[in-house]
Amino acid sequence: MSKVIAINAGSSSLKFQLFEMPSENVITKGLVERIGLNDAVFTISVNGEKVTEITDIPEHGVAVKILLKKLIDLDIIQSFDEITGIGHRVVHGGEKFNDSVLITDEILGELEELSELAPLHNPANIVGIKAFKEILPSVPAVAVFDTAFHQSMPEKSFLYSLPYEYYEDYGIRKYGFHGTSHKYVSERAAELLGRPVEQLRLISCHLGNGASIAAIEGGKSIDTSMGFTPLAGVAMGTRSGNIDPALIPFIMEKTGKSADEVLEVLNKRSGILGVSGFSSDLRDIESAAKEGNERAELALEVFASRIHKYIGSYAARMYGVDAIIFTAGIGENSDVIRARVLQGLEFMGVYWDPALNKVRGKEAFINYPHSPVKVIIIPTNEEVMIARDVMKIAL
């Protein structure tokens, strides 16, 4: 029996889950928020109840020390020796990594080189890796990449129609993200359908504040909506999704903004927030739309229509589809968005039941029994995928 901790370090946060493996029982989980501020928030679950503490956490190393100390103080573990493996989410693995990997000093150096591809994410992931390495140097650690699952995409999917040397010299191509989530729900869908994943054509819709769609054929990603960065694809909470690239110099000229400032707008002030004008939280948008707010209604339409379009595109790409999967915060909980996305897909064999669609946050089939294409809600579990890879690679 092993105890494996799965870590997801952000620029100012650190999420964790401690698993008993191979049973995959969650011993505890929690979150450290507002790292770098005096009023950082540490939350951990103990016997089903949340324990919250507000304290000064200046950097990730301190967050890791507090986390590990809490595991002892709260009698969750008796000794650090009980932790047999650590799994770290790393956003970008470039073309170098098509699977999870045991972290060595050499691997850590390669991750740092890849930071230019994900400057907002990889440095934070690396800080988390180093913080654990300093305190638990002898415990094997594994890097699990958001991009790895999509490395199976063929060239016709990942290449941009740019001068080919841009790909050869600078690595400019579609990489895709949310791969750990897409992989988990595709494997779980195969279990629920009672068929080998190698025989299935699946469309996975990971819909949260960040959102991406993946075409999964035979258990492999053959296309996905996010691109060189997570900015591409469908509209999201604050991200624009796909736009005409000529808009960037046009906006610069009209507003006087620099290229970096326009990118900041596309990443943080667009999407649902940009269209609605007041919130990036879909729950706020849905409430306002019910009250007759036209911009909120428009934001819902823009968000859902882009997803709807990708589903049709990917079904055509795979010559059909066996199941459509909804996952992540919005996908699992918003019957409104699911209904708008699915409406009109009957022509391709998608027959869904509005009554069954009234479900939140749990596994469910929401299609009519006679529907050739199944529609499944599957809560994602990236942390358990991380723990599984630690077991596979390091233990």
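Residues numbered from 1 in each chain as written. Predicted model: local features only at pLDDT ≥ 70, side-chain atom pairs only at ≥ 80, totals over all residues. Heavy atoms only, no water.

**Concerning helix 10 (residues 282-290)**
- All buried positions along helix 10 are accounted for by Leu-282, Ile-285, Glu-286, Ala-288 and Ala-289. On an axial view of helix 10, the arc spanned by its buried residues comes to 165°, and they lie on one face. In helix 10, those exposed residues whose orientation departs by more than 90 degrees from the buried face are Arg-283 and Lys-290.
- Where the residues of helix 10 are buried, they touch helix 9 (271-276), helix 11 (294-317), helix 12 (328-333) and helix 13 (335-342).
- The positive-phi residue at the C-terminal boundary of helix 10 is Gly-292, with phi of around 95°. (Buried < 20%, exposed > 50% of the residue type's maximum accessible area, 1.4 Å probe, protein only. Helix = DSSP H or I, 4+ residues; strand = E, 2+ residues; numbered from the N terminus. Arc of directions from axis to C-beta. Contact = heavy atoms within 4.5 Å.)

**A closer look at empty space enclosed by the protein**
- By the definition in use, this model includes three cavities of 30 Å³ or more.
- Along its surface, the largest cavity is lined by Leu-159, Tyr-160, Leu-162, Pro-163, Tyr-164, Tyr-166, Tyr-167 and Ile-172.
- Classifying every residue of the lining of the largest cavity by side-chain character gives eight nonpolar, no polar and no charged.
- Of the pockets and cavities examined, the second largest cavity occupies roughly 40 Å³.
- Around the second largest cavity, the lining residues are Asn-8, Arg-89, Asp-146, Thr-180, Glu-382, Glu-383 and Ile-386.
- Among the elements that line the lining of the second largest cavity, the one with the most residues is helix 14 (residues 382-394), at three residues.
- Grouping the constituent residues of the lining of the second largest cavity by class yields one nonpolar, two polar and four charged. (1 Å grid on protein atoms, 1.4 Å probe; cavity = no way out; pocket = protein on both sides within 12 Å on 5 of 7 lines; lining within 4 Å. Points joined across faces, edges and corners; volume = space filled by probe spheres on them. Nonpolar A, V, L, I, M, F, W, Y, C, P; charged D, E, K, R; others polar.)

**Looking at the packing of aromatic side chains**
- Per the stated rule, a full pass over the model turns up seven aromatic pairs.
- Between Phe-97 and Phe-145, the ring centres sit 4.7 Å apart and the planes meet at 10°, which makes this aromatic pair stacked. Here the residue Phe-97 occupies a position in the loop between strand 6 (83-90) and strand 7 (101-102), and Phe-145 occupies one in strand 8 (residues 141-145), the gap between them amounting to 48 residues.
- Between the aromatic rings of Phe-158 and Tyr-167, the centroid separation amounts to 5.7 Å while the plane-to-plane angle is 50°, which identifies the pairing as tilted.
- Here a set of aromatic residues connected by ring pairs shows up, and it is made of Phe-158, Tyr-164 and Tyr-167.
- Lying over the aromatic face of Phe-158, Arg-173 brings its terminal NZ or CZ to 3.7 Å of the ring centre. (Phe/Tyr/Trp six-rings, centres within 6.5 Å; stacked < 30°, edge-to-face > 60°. Lys NZ or Arg CZ within 6 Å of the ring centre and 35° of its normal.)

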